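Observations on the model geometry
What follows is the residue order along each chain.
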Amino acid sequence: MDGNPMPGGPPGGPDTAGARLGAEPHRAGAPRTVGVIWGLLVLNTLGSAGAQTIVPLPRSLIQLVTMGSLVGAFALALALNLRLRIQAGAFLFLLTLLLVPSVISSAHLESGFGALFRCARLALFVATLWLLSRWWDGGVTFVRHHIRMYFAVLASVAAGLVVSPGAAMPDLYGGRLVGALWPLTPPQIGQYAAVIIGLAVLLVLGHRTDKASAAVVVVPSLVLLALTHTRTATLGLVVGLALAIGSLVLTSAAARRFFTWTVLCATVATVGFSSALQAWFLRGQSQENFSSLTGREKVWDALLAAPRTTSEQLFGVGLGDKSFGGLPIDNSWLAVYNEQGLTGIGLVAAIIIVLAGVALLRPPSLSRACAIFLISYCAIASYTEAGLGDASPYLLHLAVAASLLAAPAAAAPPSTPAVPRRHLPRWANGSEVT
């Protein structure tokens, strides 16, 4: 089950987790700056709302940094792809179409001028993905970028926990882990941890990294995930990995062994630690509060019962902060319905269905397994988390899935050098004498 050293490293020599999981020899035409661009997109989607940090950061400063990172990502992507070479695909086409209901609804200014600003942000986000699509070739390059960038975010969370445990696990959030250096909520941290855990495990099963390097990422991420008490991220990780590994079972002995041991360990843990697992899962909530999804259903019922015009039903009320009546919606489908209407729901559903359909039709491979994990995780998280209709980490996850399912561009056939004509003397050009 041990993975082979990554190409490009010294044969048999030691390697670090960062070199194995965060770096990969770039194919021709894929400069290292692509990783910088991806990091800027990750920074843009971190958001500006969250817990109180150790050093108070003005929200205006955070918004300036996040929006500036998006502008920087677009500028770098354009500089790398001045000839505008793109790889067209259904994912980016549908994502571009999602701008239509966003602009139509935001133009009414029911959500204020901030809606138009969010439309411009989404347009710049989508344009950057179009420019990066040139390097979508079905390989795991963007998987490695994804792991490296979110592991850096989790490293900042761990640093905040070490520096100030009280600020990192405040009573306001019920003692759950938050970002003490950058304002991050427990669901955000849980999401980032779950995603890179799943991708790192799949890289090990696909022999694209070794177990020691993956453990450097997986073990601390599991600890942070447990400290966040995030049920959605945990469920998405378990179900997503089960589906992804299941797609490899018939063709990978490593996947079969991992699946068997995981089922065995999960059974033992369920039997031996059932009370502790139940306490962790309930987070001290009552059964009634747990069954109503921590009060989310009340917001959902109020949103669906609110009167709407035909235009609002079709196109929504404009891009906002994913809230209704001052309370978070915490459901991607209802947030899209509120902001982009039934048209937006149809487009988002088409994105998920198309990506899932393409993944199911592909032959078993590591790229297919990673794509299945990301698609299934986003689909599960969409029930209690918002973000599928706007620039968010969930769209970045789906963009990585699209890059994994993209067919590599066909290489141009090498041109055959012209054979110089042999010079013949004039007498040889005459007709044959019989």
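About the criteria used
Residues numbered from 1 in each chain as written. Predicted model: local features only at pLDDT ≥ 70, side-chain atom pairs only at ≥ 80, totals over all residues. Heavy atoms only, no water. Helix = DSSP H or I, 4+ residues; strand = E, 2+ residues; numbered from the N terminus. Buried < 20%, exposed > 50% of the residue type's maximum accessible area, 1.4 Å probe, protein only. Contact = heavy atoms within 4.5 Å. Areas by Shrake-Rupley, 256 points an atom, 1.4 Å probe, with all protein chains shown as cover. Salt bridge = Lys/Arg side-chain N within 4 Å of Asp/Glu carboxyl O. Expected span 1.5 Å × (residues − 1). pLDDT = per-residue confidence, 0-100. Patch = residues over 30% accessible without salt bridge, like charges linked within 9 Å, V, L, I, M, F, W, Y side chains within 5 Å. Axes fitted to C-alpha atoms, helices over the stretch in contact; angles between N-to-C directions. Parallel < 35°, antiparallel > 145°, perpendicular 65-115°, else oblique. Left-handed = near helix turned anticlockwise from the far one by under 90°. Nonpolar A, V, L, I, M, F, W, Y, C, P; charged D, E, K, R; others polar. Core = buried A, V, L, I, M, F, W, Y, C linked by side-chain atoms within 4.5 Å. Phe/Tyr/Trp six-rings, centres within 6.5 Å; stacked < 30°, edge-to-face > 60°.

For the protein chain, the count of helices and strands is 19 helices and 2 strands. Split into buried and exposed, the 434 residues of the protein chain put 45% on the buried side. A separation of at least 24 residues holds for 76% of the contacts in the protein chain among residues at least 6 apart in sequence. Approximately 20,800 Å² of the protein chain is accessible, and the part contributed by carbon and sulfur atoms is 68%.

Attention shifts here to the pattern of salt bridges. One pass over the full model with this rule turns up 3 salt bridges. Where D330 meets R296, a salt bridge forms, and the shortest distance between an N and an O atom there is 3.5 Å. In this pair, D330 is assigned in the loop between β2 (327-328) and α17 (332-361) and R296 in helix α15 (residues 296-305), connecting sequence segments 34 residues apart. Residue classification places R296 among the buried positions, given a relative accessible area of 18%. Note that E339 is salt-bridged to K322, the shortest N-O span being 3.1 Å. Of the two residues, E339 is situated in helix α17 and K322 in the loop between α16 (310-315) and β1 (323-324); the sequence distance between them amounts to 17 residues. Taken as a pair, E339 and K322 share a single burial class, namely buried. Through salt bridges with shared partners, a single network forms among K322, E339 and D390.

It is worth spelling out helix α11 (residues 231-246) at this point. Compared with the 22 Å implied by 1.5 Å per residue over 16 residues, the 22 Å span of α11 between its first and last C-alpha is a close match. Within α11, the full set of buried residues consists of R231, T232, A233, G236, L237, G240, L241, A244 and I245.

This part is about the confidence of the model for the protein chain. Here the protein chain averages 83 in pLDDT, and 82% of its residues register 70 or above. Considering each helix and strand of the protein chain separately, the mean pLDDT is smallest for helix α1 (residues 17-21), with a value of 43, and largest for helix α19 (residues 393-405), with 96. Predicted confidence for residues 1-29 stays below pLDDT 50, and this span has 55 contacts to residues more than four positions away or in other chains. Predicted confidence for residues 411-416 stays below pLDDT 50, and this span has 0 contacts to residues more than four positions away or in other chains.

Let us look at the environment of A359. Positionally, A359 belongs in helix α17. Expressed as a C-alpha distance, the spacing of A359 and I375, which sit 16 residues apart in the sequence, is 9.1 Å. Not counting chain neighbours up to four residues away, the residues in contact with A359 comprise R368, I372, I375 and L405.

Once that is clear, we can look at the side chain of S105. By the element assignment, S105 lies in helix α5 (residues 99-106). Dropping the residues within four chain positions of it, S105 is found in contact with F315, G316, V317, G318 and E339.

This paragraph deals with a nonpolar patch on the surface. On the surface, I54, V55, L57, L61, L64, V65, V162, V163 and L181 cluster together into a nonpolar patch covering about 790 Å² of accessible area. Taken together, the elements giving at least two residues each to the nonpolar patch come down to α3 (59-80) and α7 (141-163). The element that contributes the greatest number of residues to the nonpolar patch is α3, accounting for 3 residues. Tracing the sequence through the fold places V55 in the loop between α2 (33-44) and α3. Take V55: its relative accessible area is 57%, and that puts it in the exposed class.

Here we come to the environment of G35. The topology assignment puts G35 in helix α2. Of the residues examined, G35 reaches a relative accessible area of 1% and is grouped as buried. Sequence-distant contacts of G35, defined by excluding residues within four places in its chain, comprise H145, R148 and M149.

Bringing the packing of helix α18 (residues 366-381) against α19 into the picture now. Across the interface, α18 lies against α19 with an axial gap of 8 Å and an inter-helix angle of 155 degrees. One finds that α18 runs roughly antiparallel with respect to α19. Between α18 and α19 lies a crossing of left-handed hand. From α18, S367, C370, A371, L374, I375, Y377, C378 and A381 reach across to α19, where they touch Y394, H397, L398, V400, A401, L404 and L405. Here the residues of the contact of α18 with α19 are counted per class, giving 13 nonpolar, 2 polar and no charged.

Counting residues in each nonpolar core, the largest one holds 99 residues, and the members touching the most others are W38, L41, F91, L132, W136, L202 and L398. Every residue in contact with F91, bar those within four places of it in the chain, is listed here: W136, I351, L355, L395, L398, A399 and A402. If you look at the next biggest cluster of nonpolar residues, it comprises 7 residues, including V299, W300, L334 and A335.

Following both chains from N to C, one finds helix α4 (residues 90-97) and α17 inclined at 175 degrees, their axes separated by 9 Å at the closest point. Regarding the angle of α4 to α17, the classification is roughly antiparallel. Here A90, F91, L94, L95 and L97 of α4 lie close against α17, whose contacting residues are L347, A350, I351, V354 and L355. Tallied by class, residues from the contact of α4 with α17 come to 10 nonpolar, no polar and no charged.

A full pass over the atoms with the stated rule returns 5 aromatic pairs. Centroid distance F373 to Y377: 6.3 Å. Interplanar angle 40 degrees. Geometry classified as tilted. Here the residue F373 and the residue Y377 both occupy positions in helix α18, the gap between them amounting to 4 residues, near one helical turn. Across the pair, exposure class does not vary: F373 and Y377 are buried alike. Site record: aromatic cluster; members linked through ring pairs are W38, W136 and F142.

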